[in-house]
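# A closer look at the structure
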Amino acid sequence: MISIIDYKAGNAPSVLHAVNHLGYEAVLARYPGDISRATHIILPGVGSAKATMESLREMGLISELENAVLQKKILFLGICVGMQILFEHSEEENADCLGWLKGQVVKFDASKIRVPQMGWNNVNLTKTPVCESLNEFFYFVNSYYAKPKNESDIWGLADYGGPFAAAVRKDNIYATQFHIEKSGIAGLNLLNGFLSLKNGVR
Amino acid sequence: MLTKRLIACFDIINGMVTKAVRFQDNINIAPAEELAGTMYDVQIDELIFYDITASAEKRRIDIETVKKVARRVFIPFTVGGGIKNLEDMYEALKAGAEKISIDSMAVRNPKIISDGARAFGSQCIVLSTQVKMSKQMPSGYEVYIDGARVATGMDAIEWIKRAQELGAGEICLNSIDNDGTLSGYDLELMKLAEAAVSVPLIASGGAGTPEHLKELFTDTDAQAAIISSMLYSPRMAKNYTVNELKKYMMQNGINARPLK
């Protein structure tokens, strides 16, 4: 079962449309029970890290998410803010986050580049079970970006006023700063790579 | 590197895409989801939909059309028209839109910008504004509302600065003077805007040939260009494909997303 976490400010329906388009069924997860049976968990994200964390707390989903992703090693995909909250802390509204990955989320320097970053940017992804190594354009909408402490967690880099982590990967955890569900064919292909994983391998 | 975006902009009346020249004489082109699907298939970078009669008819945005589009296209799209409050924004975002465009309503009630930015993030809020040259304004440009029919007495550049302060994450400037003329974007307007704000800017109004894109992206810091007549207006002697425009941009040293 594919579970898409459906919290207040998220865009779960958009992710669901993309998943359905690829021929998979999925549930919009609002309760812990919707997560415990999942084979794949997707955490979409729009808005701020703080609002997302608050929403997940209010819904009582955090401990079940941690149990599924960190203990049971269920495949996980975070998107945009759903990637940012995996880190320890976000500068945005000084939000404490999940801390599944070591590192901070910081703001782009608006004195050098236009913020938010808005549009299609070029990403180099390294080979993982989800995809071969590739160079593709994906759609970004972000003012903040993650600075992973461990370089080995970086799945791919893009450049916006300097290199930044466009995607991260650790064990069963995958996450993209870009909107995989809104990145045309390139995004759908990558999403398909994630959804076709079984027990972590293709 | 971030690429320059080409955005197809649809004016919608009763679910149909229409095309007007200087805000008059609308002609029907195709159902919204159909043309959106076609544009997605030819790999346009982004889409914008304006429900152009929602405000005047005092009704909410056409959510069914938004939903149909969201099932068909997997690129970002913005919706506007008839957005009055947070609930309207929430509905449109849940229906599958990435961003909300606010125009006349933001002039009447600027707080809608800050409320929207707080609830959904700045990146969701596009301040769209219709501007016309005016010698009475310090910047030389005045804001118009209600389908570009009503002058506000507000300076356009002051207005976009304020909108950015309130939390708008992107600004779309439509030149009323150039709209539908196919004579090129108002480059002076874009230069004034780029110096005034740090959020991304979308240029709208006046595109007729690929050279207009080159001028815009070479002479100004615009991040995106709205093209619609060039792509599908039956009034044009020649329509261009997205592929032709992208190739032209890249040949002229403009960073664009190549087609797959």
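The structure contained in this document is the topic of the report that follows. These numbers come from a predicted model, not from an experiment. (Residues numbered from 1 in each chain as written. Chains lettered and ligands numbered in written order. Predicted model: local features only at pLDDT ≥ 70, side-chain atom pairs only at ≥ 80, totals over all residues. Heavy atoms only, no water.)

### Things to note about the overall build of chain A
Which entries qualify depends on this criterion: Every helix listed is a DSSP run of H or I at least four residues long, and every strand listed is a run of E at least two residues long, numbered separately from the N terminus. As defined in this context, the radius of gyration uses C-alpha atoms, and a globule is described by 2.2 Å times the residue total to the power 0.38. The buried label applies to any residue whose accessible area, calculated with a 1.4 Å probe on protein chains only, is under 20% of its type's maximum; exposed applies above 50%, and partly exposed to all values in between. Method for areas: the Shrake-Rupley scheme with a 1.4 Å probe, in which residue coverage is limited to the protein chains shown. This count recognises Lys and Arg as positive and Asp and Glu as negative, with His and chain-terminal groups excluded. Every charge is mapped onto a representative atom, which is NZ of Lys, CZ of Arg, CG of Asp or CD of Glu.
For chain A, the count of helices and strands is 6 helices and 13 strands. Its C-alpha atoms give chain A a radius of gyration of 15 Å, within 12% of the compact-globule value 17 Å for 202 residues. Counting only C-alpha atoms and orienting by the principal axes, one finds that chain A spans roughly 45 × 35 × 30 Å. Here chain A holds 202 residues, and the buried ones make up 62% of them. For chain A, the exposed area adds up to about 7600 Å²; of that, 48% sits on carbon and sulfur atoms. Positive and negative side-chain charges of chain A, numbering 19 and 20 respectively, have mean locations separated by a distance of 2 Å.

### With respect to the packing of aromatic side chains
Residues and elements named next belong to chain A. Condition: The aromatic pairing rule takes the rings of Phe, Tyr and Trp, using the six-membered ring of Trp, and pairs them if the centres are within 6.5 Å, calling planes under 30 degrees apart stacked, those over 60 edge-to-face and the rest tilted.
One pass over the full model with this rule turns up 15 aromatic pairs over all chains. Look at F108 and Y145: their rings are 4.7 Å apart centre to centre, the planes differ by 20°, and that puts the pair in the stacked class. Taken together, the positions of F108 in the loop between β7 (103–107) and β8 (117–125) and Y145 in strand β10 (residues 144–148) put the pair 37 residues apart, joining distant regions of the chain. Each member of the pair, F108 as well as Y145, carries the same accessibility label: buried. Judged by centre distance (4.0 Å) and plane angle (10°), the rings of F138 and F178 are stacked. Here F138 is found in strand β9 (residues 134–142), whereas its partner F178 is found in the loop between β13 (173–176) and α6 (184–195), with 40 residues between them in sequence. Exposure remark for F178: the relative accessible area of 0% places this residue in the buried category. Put simply, the rings of F108, F138, F140, Y145, Y160, F164 and F178 pair up and form one aromatic cluster.

### Side note on the sheet that holds strand β6 (residues 95–96) of chain A
The strands making up a sheet associate through hydrogen bonds between their backbones, and the pairing can be parallel or antiparallel. Convention followed: In this scheme, strands are said to pair when DSSP sees at least two bridges between them.
Strand order in the open sheet formed by 4 strands is β6-β5-β7-β10 (chain A), and the pairing between neighbours is mixed. Of all strands in the sheet, those with a lone pairing partner are β6 and β10 of chain A, marking the two edges.

### Quick word on the packing of helix α7 (residues 187–196) of chain B against helix α8 (residues 210–219) of chain B
Residues and elements named next belong to chain B. Which entries qualify depends on this criterion: Each axis is a line fitted through C-alpha atoms, and for a helix only the stretch in contact is used; angles between axes span 0 to 180 degrees, taken between their N-to-C directions. Each angle receives one of four descriptions, namely roughly parallel if under 35 degrees, roughly antiparallel if over 145, roughly perpendicular if within 65 to 115, and oblique otherwise. Here a crossing is taken to be left-handed if its near helix is turned anticlockwise relative to the far helix by less than a right angle, and right-handed if that turn runs clockwise. Contacts: residue pairs with any heavy atoms within 4.5 Å of one another.
Direction vectors running N to C along α7 and α8 enclose 25°, while the axes themselves pass 10 Å from each other. Looking at the two axes, α7 sits roughly parallel to α8. Note that α7 runs across α8; the crossing there is right-handed. Contacts between α7 and α8 involve L187, M190 and K191 from the former and E215, L216 and D219 from the latter.

### A look at the interface of chain A and chain B
How we decide: As a working definition, buried area equals the accessible area (1.4 Å probe) given up by two parts on being put together, with both sides summed. When a carboxyl oxygen of Asp or Glu lies within 4 Å of a side-chain nitrogen of Lys or Arg, that pair is called a salt bridge. Polar contact is the term for a pair of N or O atoms within 3.5 Å; when the atoms are in protein, one must be able to donate a hydrogen and the other to accept it, and sequence-neighboring residues count only if both atoms are side-chain atoms. Amino acids are sorted into nonpolar (Ala, Val, Leu, Ile, Met, Phe, Trp, Tyr, Cys and Pro), charged (Asp, Glu, Lys and Arg) and polar (every other residue, Gly among them).
Contacts between chain A and chain B engage 36 residues on the former and 38 residues on the latter. With both sides pooled, the region where chain A packs onto chain B buries about 3000 Å², and carbon together with sulfur makes up 58% of that total. Taken as a group, R114, M118 and W120 of chain A account for 28% of the area that chain A buries against chain B, more than any other trio of residues on that side. On the surface where chain A and chain B come into contact, there are 4 salt bridges. For the salt bridge of K94 of chain B with D6 of chain A, the shortest nitrogen-to-oxygen distance reads 3.1 Å. Linking chain A with chain B are 21 residue pairs in polar contact (both at pLDDT 80 or more). Counting only elements with at least two residues in the side of chain A that touches chain B, the list comes to α1 (12–21), β8, β9 and α6 of chain A. For the side of chain A that touches chain B, the element with the most residues is β8 of chain A, which contributes 6 residues. Looking at side-chain class alone, the side of chain A that touches chain B contains 17 nonpolar, 12 polar and 7 charged residues.

### A short note on the sheet that holds β13 of chain A
Residue and element names in this part refer to chain A. The strand order across the open sheet formed by 9 strands is β2-β1-β3-β4-β13-β12-β11-β8-β9, and the pairing between neighbours is mixed. Strands at the two margins of the open sheet, each flanked by one partner only, are β2 (27–29) and β9. On average, each strand axis in the sheet is tilted by 25° relative to the strand beside it, whichever way the strands run. By the bridge criterion, 4 bridges tie strand β12 (residues 163–170) to β13 in an arrangement that is antiparallel. If you follow A167 over to β13, its bridge partner there is T176. Sitting on the sheet, helix α4 (residues 62–71) is in contact with β1 (2–5), β3 (40–43), β4 (75–79) and β13, with an inclination near 125° to β3.

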